[in-house]
Number of protein chains: 4
Amino acid sequence: MPFSTFGELLRVTTFGESHGAGVGVVIDGLPSGLPVDEAVIQKELDRRRPGTSKFVSPRKESDTAEILSGTANGKTLGTPLTILVRNTNQRSKDYGDLLEKFRPSHADYTYFKKYDTAPQPGGGRSSGRETIGRVAAGAVARVILGDEFNVQAAVSAVGRVVAGKLDFNFAAGENNPLRFSDPELREKAEDEVWAAMQNLDSVGGVVDLRASGFAAGLGEPAFDKLDARLGAALFSLGGVKGVEIGSGFAAARQRGSEYNDTITPDGTIWPSNNSGGVLGGISTGQELRLRFAVKPTPSISQKQMTIGLDNKETSVEVHGRHDPCLCPRIAVVAEAMVALVLADFYLLQKRFR
Amino acid sequence: MPFSTFGELLRVTTFGESHGAGVGVVIDGLPSGLPVDEAVIQKELDRRRPGTSKFVSPRKESDTAEILSGTANGKTLGTPLTILVRNTNQRSKDYGDLLEKFRPSHADYTYFKKYDTAPQPGGGRSSGRETIGRVAAGAVARVILGDEFNVQAAVSAVGRVVAGKLDFNFAAGENNPLRFSDPELREKAEDEVWAAMQNLDSVGGVVDLRASGFAAGLGEPAFDKLDARLGAALFSLGGVKGVEIGSGFAAARQRGSEYNDTITPDGTIWPSNNSGGVLGGISTGQELRLRFAVKPTPSISQKQMTIGLDNKETSVEVHGRHDPCLCPRIAVVAEAMVALVLADFYLLQKRFR
Amino acid sequence: MPFSTFGELLRVTTFGESHGAGVGVVIDGLPSGLPVDEAVIQKELDRRRPGTSKFVSPRKESDTAEILSGTANGKTLGTPLTILVRNTNQRSKDYGDLLEKFRPSHADYTYFKKYDTAPQPGGGRSSGRETIGRVAAGAVARVILGDEFNVQAAVSAVGRVVAGKLDFNFAAGENNPLRFSDPELREKAEDEVWAAMQNLDSVGGVVDLRASGFAAGLGEPAFDKLDARLGAALFSLGGVKGVEIGSGFAAARQRGSEYNDTITPDGTIWPSNNSGGVLGGISTGQELRLRFAVKPTPSISQKQMTIGLDNKETSVEVHGRHDPCLCPRIAVVAEAMVALVLADFYLLQKRFR
Amino acid sequence: MPFSTFGELLRVTTFGESHGAGVGVVIDGLPSGLPVDEAVIQKELDRRRPGTSKFVSPRKESDTAEILSGTANGKTLGTPLTILVRNTNQRSKDYGDLLEKFRPSHADYTYFKKYDTAPQPGGGRSSGRETIGRVAAGAVARVILGDEFNVQAAVSAVGRVVAGKLDFNFAAGENNPLRFSDPELREKAEDEVWAAMQNLDSVGGVVDLRASGFAAGLGEPAFDKLDARLGAALFSLGGVKGVEIGSGFAAARQRGSEYNDTITPDGTIWPSNNSGGVLGGISTGQELRLRFAVKPTPSISQKQMTIGLDNKETSVEVHGRHDPCLCPRIAVVAEAMVALVLADFYLLQKRFR
């Protein structure tokens, strides 16, 4: 996972800043002959697109994918597949004196420490727009993994509203703008977010993710274990502060006799699946179970204390177009990342066949 | 993090199985002139060594480090530093019919699916002995990071006993064999483990870790963020099922106005440090705060249902020498991994100077 | 050097096919604050551009560079720098039945064996247009290496006309369309190429390259030696069949007492420099001396025997726009590759400071 | 090819100095179930071992391979395979004041510039003993490639004696200590070397190499082309100053109509094979043809001018045990490197099946 590249055999390199010409991705190492065209990619981009409800940023980007290389006649060539999404709705003037202050809980301060660069409009490279390249690549990873592969993420908590039920079979979009997993608590969850918005505030949340339809045997000990790579994939998303696999933190309170999953003939049914589909860093073939915590959106319109580029105390109010809760959109990106991890390990495993 | 190698510029490759000739590590990319001899390494190996209390496996390995290459006159040469620890106390006969069955919650089953190999004595490569190489490398990473660097891990929960207080200033070893962080609850924690042992059972737990004395600016967006690499490092340890950074899952319940850390002049004091020392994948210069959950030791002497190599149902009892709780030892390994991550990013950051 | 990516810390990923939307490059790992804008890149692209004399292909591409990401206000941000050159002058209809036959000495056959893809218009990914991304990246590498750095390549043989003198101080372009190094033999060299053209044939040649103005100590033993990486860089250019460093093949005929370079105080003058600037895979600080052989342009209009996609014998005549000698253009690309290698090792070496 | 590691999926990391505890190699990414034991490795080590004729160094190392990890019951486990060869016949006292001077044409000077380390006994890491790990790994690579795979190198020139005939069917060892390819010129070649030895001098030479019995389709455009990786592999051997593939430098003098290889049905016969088995960086399935130039052994007993660590002029005579011509031994190492390259690309190509 060097810098802006992810993966060993399926190598995904994202590029782009919030307010430059565009964002995109180069996907190298692809098999040839895969059916990939702009529609395949656009479908996933549309799922993460802003502007679809009162709970996501009203920034109206069309986020239209253009394939620059790597396909001919709707099939991959085996060469680097490049996808570009132009930035079309930048309003740099929104930023004003923000470019001279470090917004709390944003990357402005650490980019300054690392690169010696002043805050960039919209966060520059640290903007959520970087994830467009990931979602585009994830769409291609799904094609590699085939029709049996399935990955779905649902929001299981927003603020203090915690789903009692994990329901992944929801229609996303206007009908469930928060992608909240518990139908009975959806309204309550929306109220939680709305209350924060009214108070110029934001909320955190939790996302649960399930994946199935891939083989046992994926993952590369010792350091490139499936759970290690998944952990890296999820923690590489801005705002993720915790990741669990299988039982997660609950495992700490279990005894071995409770926790250990019973292995059944053909490995077809592991009723408990406390392992979450991974043992020794390698997939068991059971359902992959992940869960991650997302911090509240850092951009809030309340007045906050911070410092400026001049290292003096000052205050800042971050106005503009921001999601009050990152979860609904980060859920889609997490699906893409999990697909990328599994597709890469799938290709790696083929060397042994 | 390809296969058995970890790191970009500080490249650590571990090798070895539980019952082969030995385990060890090659550390490539080291600066020259660092003071490293066998004593530097042995000191850390002794901290993770079994056989020091009733709560760790009575397997009496001396775990003696031999430097095979990479130093002369007690200084690194800039060439690959290789450390070998011979296996001396293997009792393959302990394993008996275990080698024809998949132990629940062990890697036997997934190694079989991946490599088409039968269970190996002691788990083979998936044995905890693989971490000897990591601890040895971590000792070298501490030298790179210098005297100001400090990393310490403490066990903050075993089973249902949860520390109320995080105390990292304990003397390890016989005085506190569980490395438990709360002095007032130490006895209770030991009782919890002892009760499980009496019942032929094991317990999980939680480890908290703190690191300080390193610069702001470490970490490499987009995919090789500091938190992403730390997440991978910790999830690459067998038995870790959850990882938190800063507020962790608690962040999901916070509002932005509560969560956001106030940045103060010179970045010297961020009183809340909910970010745990990382923003945008880059170190803020504040204390690094990590927490991870460890599953109960999979090897228990109770009778468990499983399948054999013949894919038929059978039962298994895992006797032999096993820690009833992995936490005290994994804490030492986690310190090593965090040191490796930070040393690597430290070397990477120097390219910008 | 995985797939379409080159370099360890300065990571260059090229993309694009001859007849897709365009070609380009993502440059990751860049320091921030470097003065890079489109003019810096365009200057080098113009040096390799076709259409400037009777000896290069009359395909009139403007080859205009657009920076998609990685800079703001004419300075690098430390984020991936992406450069796109649209393909504007594709004439796919030129290809006709060529897409059903394997052109001799082209990559059509091997791409078919590797990717199971039919021949692509213009060679697709194997087209020389892929090198546009390299030249663009090389322009940025020169900025990293600074004003003292100098690299220059000159054509020292075309066909049977071999330069007696290596003169790198020529003005390129119309005045010397072959970039031939020996002023006295320039006309003869042009006659050689012209004679081949009249005969619907092509010629090979040799390029000599010199670089200076970089430090001693660059290169990474054991496998990533400076000469190893330079060898890879040059052999990664289509048509290169031989590479020499320093004395090259002449060293095979020398005795040690003749070959060994005398080291002088301060390492300032090694009069002989048979080593070509590299010892033990590490730069000595002396001038880097490389030489490489280029095969004749594979596309010739003469009738040649080959096979088709149906595996049956057939004949082929490759008409269209092709340089009769690859050397003048590959010389510019070689300069870029050498700059990339040295810039990467320069950044790597900084980790020891 | 980062630092001391070579390969993408078959990752070979060599370690060790001339006068440390030993040299060796970790081979990661291996398939499981391959028949590998110490005898398989020892066989190849014995081919490169010194002490077998008057033309190789009389240093009597037994070079005995010990497998430290990665196999059980004579089969690979899929885990890192580590091989250690102890150094047994070091005579550090031979070196005397050599450790304060830079031997001409050795790596002493550049290691000093890179690592700030004084010359090490026997050259330390830059010693030819580093290649023991390569040869050991090459033995394993041959097992991966299977019985049909064949690679053979022969010395085709020593000093001014150039083979008229390439004969690879010789028995190595005492019968042909120079591995010289032309039976009629063997005696003359031996006289050439002997004459140099009498004069306290050394000779260079040329090695030709052929490989066959592997598939078409191997190699990874754009930067990791088969010829690029082979070039890197050969130039990573100390003393190699030139590499040719197929026609090599002769291609520069050919016209396209002469050079272009005719493709025949099924790709079975390419009579000319000027390409040397590679087109567009991908194997054609034809015989691989390589040729490389080796400089004269740098260690000669004649008095040479150089400088010391104090940067003052001085003279040096390099006595001790040195081969008068590197070719016979480097030929064996080159075979190993070619096997490693092909085995890696073979594993990589399987991801497309």
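Since the model is a prediction, treat every value here as computed from it, not as a measurement. (Residues numbered from 1 in each chain as written. Chains lettered and ligands numbered in written order. Predicted model: local features only at pLDDT ≥ 70, side-chain atom pairs only at ≥ 80, totals over all residues.)

### Remarks on the overall build of chain A
From N to C terminus, chain A includes seven helices and 17 strands. Against the compact-globule benchmark of 20 Å for 353 residues, chain A has a radius of gyration of 21 Å, which places it among compact chains. With the C-alpha coordinates aligned to their principal axes, the bounding extent of chain A is approximately 65 × 50 × 40 Å. For chain A, buried positions account for 65% of its 353 residues. Once local pairs closer than 6 in sequence are excluded, the contacts in chain A between residues at least 24 apart make up 70%. (Helix = DSSP H or I, 4+ residues; strand = E, 2+ residues; numbered from the N terminus. Rg over C-alpha atoms; globule rule 2.2 N^0.38 Å. Buried ≥ 20, exposed ≤ 12 C-beta atoms within 10 Å, placed from the backbone. Contact = placed C-beta atoms within 7 Å.)

### So, the interface of chain B and chain A
At the interface, 92 residues of chain B touch 93 residues of chain A. Examining the composition of the side of chain B that touches chain A, we find that six residues originate from one element, helix α5 (residues 226–235) of chain B, more than from any other. Across the side of chain B that touches chain A, the residue classes tally to 37 nonpolar, 34 polar and 21 charged. The sheet contact formed by strand β12 (residues 240–245) of chain A and strand β12 (residues 240–245) of chain B spans three bridges and is antiparallel. Note on β12(B): the bridge partner recorded for Val243(A) is Val243(B). (Nonpolar A, V, L, I, M, F, W, Y, C, P; charged D, E, K, R; others polar. Pairing = 2+ DSSP bridges.)

### A few points about the pairing of strand β17 (residues 313–316) of chain A
Two faces, one strand: in a regular strand the side chains alternate between the faces of the sheet. Residues and elements named next belong to chain A. Sheet topology places strand β16 (residues 304–307) next to β17; four bridges connect them, and they run antiparallel. Bridge pairing links Thr 306 to Thr 314 in β17. The turn joining β16 and β17, which pair antiparallel and follow one another in sequence, is formed by five residues; a positive phi near 65 degrees is taken by Asn 311.

### Some details on the sheet that holds strand β3 (residues 22–28) of chain B
All names here are of chain B. Spatially, five strands are ordered β1-β2-β3-β8-β5 in an open sheet, and the strand pairing comes out antiparallel. At either end of the open sheet lies a strand with only one pairing partner, and these are β1 (5–6) and β5 (65–69). Along the sheet, helix α3 (residues 131–145) makes contact with β2 (11–16), β3, β5 and β8 (81–86), crossing β3 at roughly 35 degrees. (Axes fitted to C-alpha atoms, helices over the stretch in contact; angles between N-to-C directions.)

### Concerning the sheet that holds strand β4 (residues 32–35) of chain A
Residue and element names in this part refer to chain A. With antiparallel pairing, three strands are arranged side by side in an open sheet as β4-β7-β6. The open sheet terminates on both sides in strands that have one partner only, identified here as β4 and β6 (71–72). Both β6 and strand β7 (residues 75–77) contribute to a ladder of two bridges, which runs antiparallel. Opposite Ala 72, over in β7, you have Lys 75 as the bridge partner.

### Examining the packing of helix α1 (residues 38–48) of chain A against helix α7 (residues 327–349) of chain A
Residues and elements named next belong to chain A. Across the interface, α1 lies against α7 with an axial gap of 8 Å and an inter-helix angle of 145 degrees. In this structure, α1 contributes Glu 44, Arg 47 and Arg 48 to the contact, and α7 contributes Arg 329, Val 332, Val 333 and Ala 336. The residue inventory of the contact of α1 with α7, partitioned by class, reads three nonpolar, no polar and four charged.

### Structural notes on the environment of Arg129(D)
Within the secondary structure layout, Arg129(D) lies in the loop between α2 (108–115) and α3 (131–145). A tally of 26 C-beta atoms within 10 Å means that Arg129(D) is categorised as buried.

### Some details on the relation of the copies chain B and chain A
Mapping chain B onto chain A is achieved by rotating through 180 degrees and translating by 0.0 Å along the same axis, at an RMSD of 0.0 Å. The operation mapping one copy onto its partner corresponds to a two-fold rotation axis. The overlap is high: 100% of the interface residues of chain B also sit at the interface in chain A, so the same surface is used on both sides. (Least-squares fit on C-alpha atoms with pLDDT ≥ 70 in both.)

### A word on the relation of the copies chain C and chain A
Rotating chain C by 180 degrees about the axis while translating it 0.0 Å along that axis superimposes it on chain A, leaving an RMSD of 0.0 Å. Take the interface residues of chain C: 100% of them recur as interface residues in chain A, which is what a same-surface contact looks like.

### Some points on helix α2 (residues 108–115) of chain C
Most of α2(C) sits out of view: seven of its eight residues are buried. Turning to α2(C), the residues buried within the fold contact β4 and β7 of chain A together with β13 (278–279) and β14 (282–283) of chain D. Asp116(C), located one to two residues past α2(C), shows a positive phi value of around 60 degrees.

### Comments concerning the pairing of strand β8 (residues 81–86) of chain D
Residue and element names in this part refer to chain D. Most of β8 sits inside the fold, with five of its six residues counted as buried. Bridge count for strand β3 (residues 22–28) against β8 is six bridges, and the pairing is antiparallel. Bridge pairing links Val 25 to Ile 83 in β8. In this sheet, β8 lies alongside strand β5 (residues 65–69) in antiparallel orientation, the contact comprising four bridges.

### Examining the interface of chain C and chain A
Facing 33 residues of chain C, the contacting portion of chain A comprises 33 residues. Of all elements in the fold, only β2 (11–16), β3 (22–28), β4 (65–69) and β7 (81–86) of chain C reach the threshold of two or more residues within the side of chain C that touches chain A. With four residues, the single largest contributor to the side of chain C that touches chain A is β2(C).

### Things to note about helix α5 (residues 226–235) of chain D
Side chains three or four residues apart in an α-helix point the same way, a direct result of the helix having 3.6 residues per turn. The element α5(D) is extensively covered by neighbouring structure, given that ten of its ten residues are classed as buried. By the burial criterion, the buried members of α5(D) are Leu226(D), Asp227(D), Ala228(D), Arg229(D), Leu230(D), Gly231(D), Ala232(D), Ala233(D), Leu234(D) and Phe235(D).

### Regarding unusual backbone geometry
Each neighbour pair has its own omega, and for Pro221(C) with Ala222(C) the value is 5 degrees, a cis peptide bond. The phi torsion at Asn73(A) lies on the positive side, around 55 degrees, for a residue other than glycine. Looking at the element boundaries, Asn73(A) is found in the loop between β6 and β7. Located in the positive-phi region is Asn311(B), a residue other than glycine, with phi close to 65 degrees. With respect to the secondary-structure elements, Asn311(B) resides in the loop between β16 (304–307) and β17 (313–316). In this structure Asn311(B) comes out as exposed when scored by C-beta crowding, with 11 C-beta atoms within 10 Å.

### A look at the environment of Gly159(C)
With respect to the secondary-structure elements, Gly159(C) resides in the loop between β8 (150–158) and β9 (161–162). The class of Gly159(C) is buried, set by 23 C-beta atoms lying within 10 Å. Remark: the alpha-carbon pair of Gly159(C) and Gly204(C), spanning 45 residues in sequence, is separated by 5.3 Å. In this structure Gly159(C) touches Glu192(C), Ala196(C), Val203(C), Gly204(C), Gly205(C) and Arg253(D), once residues within four positions along its chain are discounted.

### Things to note about the confidence of the model for chain A
The predicted structure's coordinates, where accompanied by low pLDDT, should not be read in detail. Model confidence for chain A is summarised by a mean pLDDT of 93, while 94% of its residues fall at 70 or above. Across the interfaces of the predicted complex, the ipTM metric reaches 0.97, alongside a pTM of 0.97. (pLDDT = per-residue confidence, 0-100.)

### A word on the packing of helix α1 (residues 38–48) of chain D against α3(D)
Residues and elements named next belong to chain D. As a packed pair, α1 and α3 sit with axes 8 Å apart at the nearest point and diverge in direction by 130 degrees. Relative to α3, α1 is oriented oblique. Of the two possible hands of crossing, α1 and α3 adopt the one that is right-handed. Residues Val 40, Ile 41, Lys 43, Glu 44, Leu 45 and Arg 48 of α1 form the contact with α3, whose participating residues are Ile 132, Val 135, Ala 136, Gly 138, Ala 139 and Val 143. (Parallel < 35°, antiparallel > 145°, perpendicular 65-115°, else oblique. Left-handed = near helix turned anticlockwise from the far one by under 90°.)

### Overview of the environment of Ala252(C)
On the secondary structure map, Ala252(C) appears in the loop between β11 (240–245) and α6 (256–259). Apart from residues no more than four positions distant in its own chain, Ala252(C) is found in contact with Ala157(D), Gly204(D), Gly205(D), Val206(D), Ala293(D) and Val294(D).

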